Amino acid sequence: MRIINFKPRQSKEAAAVAAAAFADDPIWSHVIPDPERRHLPHTILLRAQLRTIAPSDDARLAVHEGRIVGLAFWSNVWDEDSYELPNARRFRATRRLARSVGNDWPRLSNMYISIGRSIPHDVEWFLATLAVHPEHQGTGIGSALLRDGLAQADRRGYPITVQASTPENVRFYERHGFEVIEALDELYRGAPPFWTMRRASTAVGNRVL
């Protein structure tokens, strides 16, 4: 397994890995009950987002035997340039997603809005997506991708924020030094619980502890 830099031409394959990884996630299962359509937010909107990554964003891939098996997508949310809207590609993808999910769109859009509101205002380095294909989960790929990103954040002196949608994921991030800073019984009314977690930077001056 190798960890490499993401390239926009790999967006389709990377988005498909994320869709498979989150197929049984409680949040995604709640907003799109039909498992046949649950992949759409990733294969449409995440794919478009990956194709338009700004220089302030980092995406890294885990590759095994020539196939993408994991994705880590980081964002420096202090850089407002990376969030300038509208972006034509993302706007078209959002319209396509709304048409594709049909009656699930109100719940899905509410989820996106609720997640956006739940992100703390003082975030510097945010892990937007960490996904490992189900066939390769439990093999250490997620930990390797996470450690790779943590090292980059520490070199920049950034604390890291992440959000989790299962107790198992909370424990995973805790093993890597994260602490829960907010626990929501419901992300929004009727939704599953949701956790926001943070890990302080280990950098001191130009030295990493």
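Conventions we followed
- Sequence order sets the numbering: in each chain, residues are counted from 1 along the sequence as written.
- At least 70 in pLDDT is required for a residue's local features to be given in this predicted model, at least 80 for side-chain atom pairs to be given and counted, and no such filter applies to totals for whole chains, interfaces and linings, which use all residues.
- Hydrogens and water molecules were not included; the side-chain quantities draw on all heavy atoms of the structure.
- Within 6.5 Å between ring centres, the rings of Phe, Tyr and Trp (the latter by its six-membered ring) count as paired, and their orientation is classed by plane angle as stacked under 30 degrees, edge-to-face over 60, tilted in between.
- Comment: elements are numbered from the N terminus, with helices defined as DSSP H or I runs of at least four residues and strands as E runs of at least two.
- Burial classes: relative accessible area under 20% of the type maximum marks a residue as buried, over 50% as exposed, and values in between as partly exposed (1.4 Å probe, protein chains only).
- Between N-to-C directions, angles cover 0 to 180 degrees, with each direction set by a line fitted to C-alpha atoms, over the stretch in contact for helices.
- Oblique is the label for every angle not falling under 35 degrees (roughly parallel), over 145 degrees (roughly antiparallel), or within 65 to 115 degrees (roughly perpendicular).
- Only heavy atoms enter the contact rule, under which two residues are in contact if any of them lie within 4.5 Å.
- Just so you know the grouping, Ala, Val, Leu, Ile, Met, Phe, Trp, Tyr, Cys and Pro go in nonpolar, Asp, Glu, Lys and Arg go in charged, and all remaining residues, Gly too, go in polar.
- Here, the term nonpolar core denotes a set of buried Ala, Val, Leu, Ile, Met, Phe, Trp, Tyr and Cys residues that are joined through side-chain atoms within 4.5 Å.
- In this tally, Lys and Arg are treated as positive and Asp and Glu as negative; His is ignored, and so are the chain termini.
- By definition, a salt bridge exists where a carboxyl oxygen of Asp or Glu is found within 4 Å of a side-chain nitrogen of Lys or Arg.
- Distance and chemistry together define a polar contact, namely a pair of N or O atoms within 3.5 Å, with one atom able to donate a hydrogen and the other to accept it when in protein, and with adjacent residues in sequence counting only for side-chain atoms on both sides.
- Each helix should span, by expectation, one fewer than its residue count multiplied by 1.5 Å.
- Each patch is built from residues lacking any salt bridge and having more than 30% relative accessible area; the joining distance is 9 Å for like charges and 5 Å for nonpolar side chains (Val, Leu, Ile, Met, Phe, Trp, Tyr).
- For the area figures, the Shrake-Rupley method with a 1.4 Å probe applies, and any residue is considered shielded solely by the protein chains shown.
- Positions of charges follow a simple convention, taking NZ of Lys, CZ of Arg, CG of Asp or CD of Glu.

The next subject is the packing of aromatic side chains. In total, this model carries five aromatic pairs according to the counting rule given. Taken together, Trp74, Trp125 and Tyr158 form an aromatic cluster joined through their ring pairs.

Attention now moves to unusual backbone geometry. Even without being a glycine, Glu65 presents a positive backbone phi close to 50 degrees. Position of Glu65 among the secondary structure elements: in the loop between β2 (57–64) and β3 (67–75). On the basis of relative accessibility, which here comes to 73%, the residue Glu65 falls in the exposed class.

Moving on, we come to the packing of helix α4 (residues 88–101) against helix α5 (residues 105–118). Taken N-terminus to C-terminus, the directions of α4 and α5 make an angle of 135 degrees; their axes are 9 Å apart at the nearest point. Compared by their axis directions, α4 and α5 come out oblique. Contacts from Thr94, Leu97, Ala98 and Val101 of α4 reach α5 at Trp105, Leu108 and Tyr112. For the contact of α4 with α5, a count of residues per class yields six nonpolar, one polar and no charged.

Grouped together as the largest cluster of nonpolar side chains are 31 residues, with contacts concentrated most on Leu108 and Met111. For this core, the secondary structure elements donating two or more residues are α1 (11–21), α2 (26–31), α3 (40–51), β2, β3, α4 and α5. The dominant element in this core, judged by the number of residues it contributes, is α3, at six residues. Beyond its immediate chain neighbours, meaning those up to four positions away, Leu108 contacts Trp28, Val31, Ile32, Pro41, Leu97 and Val101. Residues Ala62, Val69, Ala72 and Phe172 belong to the second largest nonpolar core, which totals 23 residues.

A few words on the side chain of Asp25. Counting through the fold element by element, Asp25 comes out in the loop between α1 and α2. The side chain of Asp25 is buried and forms no salt bridge, while Arg38, the nearest opposite charge, is found at 8.5 Å. At 2.9 Å, the side chain of Asp25 forms a polar contact with the backbone nitrogen of Ile27. Of the polar contacts made by the side chain of Asp25, one reaches the side chain of Ser165; its length is 2.4 Å.

Moving on: helix α6 (residues 141–156). Spanning 16 residues, α6 covers 23 Å between terminal C-alpha atoms, matching the ideal 22 Å at 1.5 Å per step. With twelve of its 16 residues buried, α6 lies for the most part within the structure. Restricting attention to buried positions, one finds in α6 the residues Ile141, Gly142, Ser143, Ala144, Leu145, Leu146, Asp148, Gly149, Leu150, Gln152, Ala153 and Asp154. Backbone geometry just after α6 places Gly157 at a positive phi near 75 degrees.

Turning our eyes to something else, we now look at the pattern of salt bridges. It is possible for side chains bearing opposite charge to pair when their charged atoms get close. Inspection of the entire model under this criterion finds seven salt bridges. With a closest N to O distance of 3.8 Å, Asp34 and Arg37 form a salt bridge. Classification of Arg37 by relative accessible area gives partly exposed; the value is 27%. Arg156 is the partner of Asp58 in a salt bridge, and the nearest nitrogen-oxygen pair spans 2.7 Å. Note that Asp58 is positioned in strand β2 and Arg156 in helix α6, a separation of 98 residues in sequence. On the basis of relative accessibility, which here comes to 15%, the residue Asp58 falls in the buried class. Judged by relative accessible area, which is 39%, Arg156 ranks as partly exposed. Via salt bridges that share partners, Asp34, Arg37, Asp104 and Arg107 belong to a single interconnected network.

Taken together, the side chains of Arg51, Arg89, Arg92, Arg95, Arg96 and Arg99 present a region of like positive charge at the surface. With five residues, the top contributor of residues to the positive patch is α4.

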